[in-house]
Amino acid sequence: MTDIRFDDKVAIVTGAGGGLGRGYALELARRGAKVVVNDLGGSRDGTGHSDAALKVVEEIEAAGGTAMSNGGNVAEYDQMADMVAKAKEKWGGVHILINNAGVLRDKSFAKMDPADFEFVVRVHLLGSAYATKACWDLFRDQNYGRVLMTASSTGLFGNFGQANYGAAKLGLAGLTKTLAIEGAKNNIKVNTIAPTAGTRMTEDLFPEAAFEAFAPEKVAPGALFLVSEDAPTNVILGAGAGVFQSSYVTLTPGKLLKGDDLSVEGVAANWDAITDRNGEIVPQTGAEQSMMIGSKLQGG
């Protein structure tokens, strides 16, 4: 196998003061990238501050790599724009963005404060959009960009007590799909990773013995491949404990209802045919749903 390197590339990793982000930053630097280690340094619920990013920079430099710290808040667009400007000023550009920063404020939806719902969506979804927007014009000008969004099995499949987190994470998968289309003509590839790892975000969800099996370092290979020169685009990759999986949003052929069947009762009566997965597709754009409907109308 040919080594995948990131020489002459500048990478930003948000939430890189620990856990998955730290693992990504260390491996990117080991493979030649100059790395902006971004971390506000807050606790798991987003409160407080620390020097977590500086410590990761010290690790990178001690290993012979090149890095700079940034304490910007992803939920503030101006701070993301400033981070990108400083990276460009120091190193001439930005080529890779890994949106990894996140928070948790878990409660059942019945008990969840609306402010906690909004805050989690703001950090995960808007924060990733802000960081990406801050890089987007530069990526277009360079005719090169690699973006990785961090979704979750909670967003893709659901999990009790995480309505805010799940909404934000599935939103990121949707953001990826549109940005992959919009970025294609400028060699901007955008992907989604849904990691499962033992970090401070999941420390009360994993048994202690599972932490080693689900070490963040076992997710990093998938994440780095998705921001590499020859990466695919518009992929949803599951990753955990060295296992890598591909997730898809699919569409069944469906059933054309006419006459008396075009009714609530008709939908109920034809439910098995509507949900039959034989012949389902993985649409690459939203237009394919309309195209499939058109085919049905024409008797296809």
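This structure is a prediction, so every number in the text was calculated from the model and none was measured.

Rules used throughout
- Residues numbered from 1 in each chain as written.
- Predicted model: local features only at pLDDT ≥ 70, side-chain atom pairs only at ≥ 80, totals over all residues.
- Heavy atoms only, no water.
- Helix = DSSP H or I, 4+ residues; strand = E, 2+ residues; numbered from the N terminus.
- Polar contact = N/O pair within 3.5 Å; in protein donor to acceptor, adjacent residues only side chain to side chain.
- Buried < 20%, exposed > 50% of the residue type's maximum accessible area, 1.4 Å probe, protein only.
- Pairing = 2+ DSSP bridges.
- Expected span 1.5 Å × (residues − 1).
- Arc of directions from axis to C-beta.
- Core = buried A, V, L, I, M, F, W, Y, C linked by side-chain atoms within 4.5 Å.
- Salt bridge = Lys/Arg side-chain N within 4 Å of Asp/Glu carboxyl O.
- Axes fitted to C-alpha atoms, helices over the stretch in contact; angles between N-to-C directions.
- Contact = heavy atoms within 4.5 Å.

This part takes up the side chain of E27. In this fold, E27 is placed in helix α1 (residues 19–30). Within the structure, the side chain of E27 is placed 2.8 Å from the side chain of R30, a separation counted as a polar contact. Side-chain polar atoms of E27 contact the side chain of R31, separated by 2.8 Å.

Before going further, it helps to spend a moment on the pairing of strand β1 (residues 10–14). The element β1 is largely enclosed, with a buried count of five among its five residues. Residues V10, I12 and T14 of β1 are buried on one face, and the alternating residues A11 and V13, pointing to the opposite face, are buried as well. With five bridges connecting them, β1 and strand β2 (residues 34–38) associate as parallel partners. Across the sheet, residue T14 finds its bridge partner in β2, namely N38. Judged from the three bridges that link them, β1 and strand β4 (residues 96–98) form a sheet pairing that is parallel. Within β4, the residue paired with V13 across the bridge is I98.

Turning our eyes to something else, we now look at helix α3 (residues 77–91). End to end, α3 covers 21 Å across 15 residues, agreeing with the expected 21 Å (1.5 Å per residue, within 8%). Burial in α3 covers these residues: M80, M83, V84, A87 and W91. The buried residues of α3 occupy an angular sector of 95° when the element is viewed end-on, so they sit on one face. Relative to its buried face, α3 has exposed residues pointing more than 90 degrees away, namely D78 and E89.

Counting 31 residues, the largest nonpolar core has I12, V94, F139 and V190 as its most contacted members. When residues of this core are traced back to their parent elements, those giving at least two are β1, α3, α4 (114–142), β5 (145–150), α6 (163–183) and β6 (188–195). Ranked by residue count, the leading element in this core is α4, at eight residues. Counting 30 residues, the second-largest nonpolar core is a separate cluster that includes A33, V35, A53 and L226.

Turning our attention to the pattern of salt bridges. Side-chain pairs of opposite charge can arise whenever the charged atoms involved come near each other. The final tally for this structure, using the stated rule, is 10 salt bridges. The partner of R22 in a salt bridge is E59, with the nearest N and O atoms 2.8 Å apart. Taken as a pair, R22 in helix α1 and E59 in helix α2 (residues 52–62) lie far apart in primary sequence, 37 residues in all. Using a relative accessible area of 25% as the deciding quantity, one classes R22 as partly exposed. In this structure, K86 engages D82 in a salt bridge whose closest nitrogen and oxygen atoms are separated by 3.1 Å. With K86 and D82 both in helix α3, this residue pair falls four residues apart, about one helical turn. The class for D82 is partly exposed, based on a relative accessible area of 35%. Each of R22, E59 and E217 takes part in salt bridges that share partners, so that together they form one network.

With mixed pairing, eight strands are arranged side by side in an open sheet as β3-β2-β1-β4-β5-β6-β7-β8. Because the sheet does not close on itself, it has two edges, and the strands there are β3 (66–70) and β8 (243–247). Between one strand axis and the next, the sheet turns through 20° on average, direction left out of account. The strands touched by α4 are β1, β4, β5 and β6; relative to β5, the strand with the most contacts, the crossing angle is about 170°.

Such coordinate-based values are descriptive only and should not be taken to indicate function.
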